[in-house]
Amino acid sequence: MPGSQKLARLRQALAAGLGERISSLGEAAGELTLVVGAGDWTAVATALRDRPELRFEQLTDLCGVDYSAHGNGAWTGRRFAAVAHLLSITHNWRLRLRAFAEDDDYPVLDTLTGVWPNANWFEREAFDLFGIMFAGHADLRRILTDYGFIGHPFRKDFPLSGNVEMRYDPEQKRVVYQPVTIEPREIVPRVIREEQFGDLGGRG
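Calculation rules
- Residues numbered from 1 in each chain as written.
- Predicted model: local features only at pLDDT ≥ 70, side-chain atom pairs only at ≥ 80, totals over all residues.
- Heavy atoms only, no water.
- Helix = DSSP H or I, 4+ residues; strand = E, 2+ residues; numbered from the N terminus.
- Buried < 20%, exposed > 50% of the residue type's maximum accessible area, 1.4 Å probe, protein only.
- Areas by Shrake-Rupley, 256 points an atom, 1.4 Å probe, with all protein chains shown as cover.
- Core = buried A, V, L, I, M, F, W, Y, C linked by side-chain atoms within 4.5 Å.
- Contact = heavy atoms within 4.5 Å.
- Lys, Arg positive; Asp, Glu negative; His and termini not counted.
- Salt bridge = Lys/Arg side-chain N within 4 Å of Asp/Glu carboxyl O.
- Pairing = 2+ DSSP bridges.
- Axes fitted to C-alpha atoms, helices over the stretch in contact; angles between N-to-C directions.
- Phe/Tyr/Trp six-rings, centres within 6.5 Å; stacked < 30°, edge-to-face > 60°.

K.L.:
Can you explain the overall build of the protein? Please cite residues and give values.
P.N.:
Across its full length, the protein holds three helices and nine strands. Put simply, the protein runs from its N terminus to its C terminus through helices and strands in the order α-β-β-α-β-β-β-β-α-β-β-β. The burial tally for the protein puts 33% of its 204 residues in the buried class. Summed over its atoms, the accessible surface of the protein is roughly 12700 Å², and 51% of this surface lies on carbon and sulfur atoms.

Right under this line is the structure:
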């Protein structure tokens, strides 16, 4: 079946199965993106998995997104979202499922581990890097940074040099944390080209 027909079938199945729970349904890069409210996140995920006309049996990825600088700062919506990438083995189609956390200062969504157990580590990563909390997660803790790490590195306002640094203190005979001792700066690569660079005139 051609891709356009398959997407049309999926769009119809989503509209019939989810109805008013759909906040928006768009298409990008040959796949549909379904946006739902934070309160419908787990209910919609369960329906996507269980309804026979949808049958998204597999969660292939889940990631956090910080939209604060989206569109060169023109973004006016909620700041943080979680995006789940789903695969239906039965129907051989894919879907992006997205929900925005309602509070920018303390972003929270319900966990999807009860729907797809492999969401466990994905949600821990989104928590670690973006600070998105997942209510109901049995073991929500950092997975990539150190347990004593301060902040969330993928937030658009996180300083490039971090907030603290760690070193071994020979007097205390242990690793200690201290304020960053280097000046924060942004490194912008300079490209210097000689005159006539790329000019092929007179050659050959």
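K.L.:
Before we move on, could you go through the nonpolar core and cite the residues and values that matter?
P.N.:
Counting 37 residues, the largest nonpolar core has L14, L34, W41, L48, L86 and L97 as its most contacted members. Secondary-structure elements contributing two or more residues to this core are α1 (3-18), β2 (31-36), α2 (41-50), β3 (58-66), β4 (80-88), β5 (93-100) and α3 (119-130). Here L86 is in contact with L48, F56, Q58, L59, T60, W93, R94, L95, L97 and W116, once residues within four sequence places are set aside.

K.L.:
Explain the side chain of R124 residue by residue, including any values.
P.N.:
Note that R124 resides in helix α3. Despite its burial, R124 pairs with no opposite charge; the closest candidate is D139, at 4.4 Å N-O. In contact with R124, not counting residues within four places along its chain, are H137, D139, L140, R141, R142 and I143.

K.L.:
A description of the sheet that holds strand β1 (residues 22-28) should follow, citing residues and the corresponding values.
P.N.:
On the basis of which strands lie adjacent, the open sheet formed by five strands has the order β1-β2-β5-β4-β3 and mixed pairing. Across the chains shown, the open sheet's two edge strands, defined by having one partner strand only, are β1 and β3. For this sheet the average axis-to-axis angle between neighbouring strands, irrespective of direction, equals 20°.

K.L.:
Residue-level account of the packing of aromatic side chains, with values.
P.N.:
In the structure shown here, the tally under the stated rule is five aromatic pairs. Plain terms: the ring middles of F130 and F154 are 5.6 Å apart, the flat faces sit at 80° to each other, and that makes the pair edge-to-face. With a gap of 24 residues between them, F130 in helix α3 and F154 in the loop between β7 (133-135) and β8 (164-169) connect regions that are remote in the sequence. Residue class for F130 comes out buried when judged on its relative accessible area of 10%. An angle of 25° between the planes, with centres 5.9 Å apart, marks the rings of F149 and F158 as stacked. The rings of Y67, W75 and F100 are connected pair by pair, giving a single aromatic cluster.

Everything listed is a geometric property; what it means functionally is a separate question.
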